[in-house]
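# Topology and contacts: notes
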Amino acid sequence: SKVLYLVAYAWPVVLVARVGDRIGKGIRTAPRDALIADSTEPEVRGVAFGLHRAMDTTGAFAGVLIAAIVVWLLEGDATRLTADTFRTLALLALIPGVAAIVTIGIGVRDVRRAAPEPEPAAQAGASVEPVARGFAQWRRFPAPFWLYMGATALFTLGNSSDAFLAIRSQQLGLTLLELLLVIVAFNATNAIVAWPAGAFSDRVGRR
């Protein structure tokens, strides 16, 4: 979907690219987390997820730092991003994206588990309507799952896009280069804290 940014000359193209990007993130996150969980022992799972978060944020740190260097070389202390500079940044962003796809294809192997035993109704050849079966599966989720889903939905509603913070920062007088350096500092802090915080959760518990 990021390829669309290179040919985006109107807002509908940007909208399609953003929606595709968010759908891709939604498809990616659950299997990635499952892969991390299945590949690590429970007693070091916090360290594993902390390392992932640290590496993910380090990538964001390096990416924004490269963007800041490109903006400084092409635009200096400008307050707005030109179309040519934007397309240069979008092209550079494709490189790690393609590298990630190649890495997944070559290096990632699924952790296989034994197939679950079929339910008694299925063994007896009973016919169950798909909709009814779906509702029955939803009811099997425990109360903590629904509490987590509710908390996640509430947090997401209150979590504004960083783009709004960026726009407000520019209104307060930050140049484009200064704004990128603020984001670099934010990501650096996140990367430094994530790994030890994950290790701490291994010692004191997830809650």
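Coordinates for the structure precede this section.
The text that follows walks through the structure, step by step, so that each part is easy to find.

How each quantity is defined
- Counting restarts for each chain, with residues numbered from 1 along the sequence as it is written.
- At least 70 in pLDDT is required for a residue's local features to be given in this predicted model, at least 80 for side-chain atom pairs to be given and counted, and no such filter applies to totals for whole chains, interfaces and linings, which use all residues.
- Calculation of side-chain values draws on the structure's entire complement of heavy atoms; hydrogens and water are dropped beforehand.
- Think of it this way: a Phe, Tyr or Trp ring, Trp meaning its six-membered ring, pairs with another when their centres are within 6.5 Å, and the plane angle makes it stacked under 30 degrees, edge-to-face over 60, tilted otherwise.
- Helix numbers and strand numbers start at the N terminus; a helix is a DSSP run of H or I with at least 4 residues, a strand a run of E with at least 2.
- Each residue's exposure class comes from its accessible area (1.4 Å probe, protein chains only) as a fraction of the maximum for that residue type: buried when under 20%, exposed when over 50%, partly exposed otherwise.
- Throughout this description, the term nonpolar core refers to a set of buried Ala, Val, Leu, Ile, Met, Phe, Trp, Tyr and Cys residues connected via side-chain atoms within 4.5 Å.
- Residues are treated as being in contact if the distance between any of their heavy atoms lies within 4.5 Å.
- The term salt bridge refers to a pairing of a side-chain nitrogen on Lys or Arg with a carboxyl oxygen on Asp or Glu at a separation within 4 Å.

Attention shifts here to the packing of aromatic side chains. Throughout the structure, instances matching the rule amount to four aromatic pairs. Ring centres of tyrosine 5 and phenylalanine 86 lie 6.2 Å apart, and the angle between their planes is 80°; this geometry places the pair in the edge-to-face category. Residue tyrosine 5 is located in helix 1 (residues 3–6), and its partner phenylalanine 86 is located in helix 4 (residues 83–107); the two are separated by 81 residues in the primary sequence. The class for phenylalanine 86 is partly exposed, based on a relative accessible area of 35%. With centroids separated by 6.2 Å and ring planes inclined at 90°, the aromatic side chains of phenylalanine 141 and tryptophan 146 adopt a geometry described as edge-to-face.

Time to look at the nonpolar core. The tendency in soluble globular proteins is for nonpolar side chains to be buried as a group. Membership of the largest hydrophobic core is limited to ten residues, which are Val64, Ala67, Ala68, Val70, Val71, Leu89, Leu176, Leu177, Leu180 and Val184. For this core, the element with the highest residue contribution is helix 3 (residues 45–75), accounting for five residues. When neighbours within four sequence positions are excluded, leucine 176 is seen to be in contact with Val71, Glu75, Ala78, Thr79, Arg80, Leu81 and Gln170.

Here we take up the pattern of salt bridges. With the rule as written, the count across this model stands at five salt bridges. Across the pair aspartate 21 and lysine 2 runs a salt bridge whose closest N-O atoms are separated by 3.2 Å. With a gap of 19 residues between them, aspartate 21 in helix 2 (residues 11–38) and lysine 2 in the segment before helix 1 connect regions that are remote in the sequence. Given a relative accessible area of 13%, aspartate 21 falls into the buried group. Salt-bridge contacts for arginine 53 lead to aspartate 56; the nearest nitrogen and oxygen are separated by 3.1 Å. Highlighted residues: arginine 53 and aspartate 56, both in helix 3, separated by three residues, approximately one helical turn. With relative accessibility at 34%, the residue arginine 53 sits in the partly exposed group.

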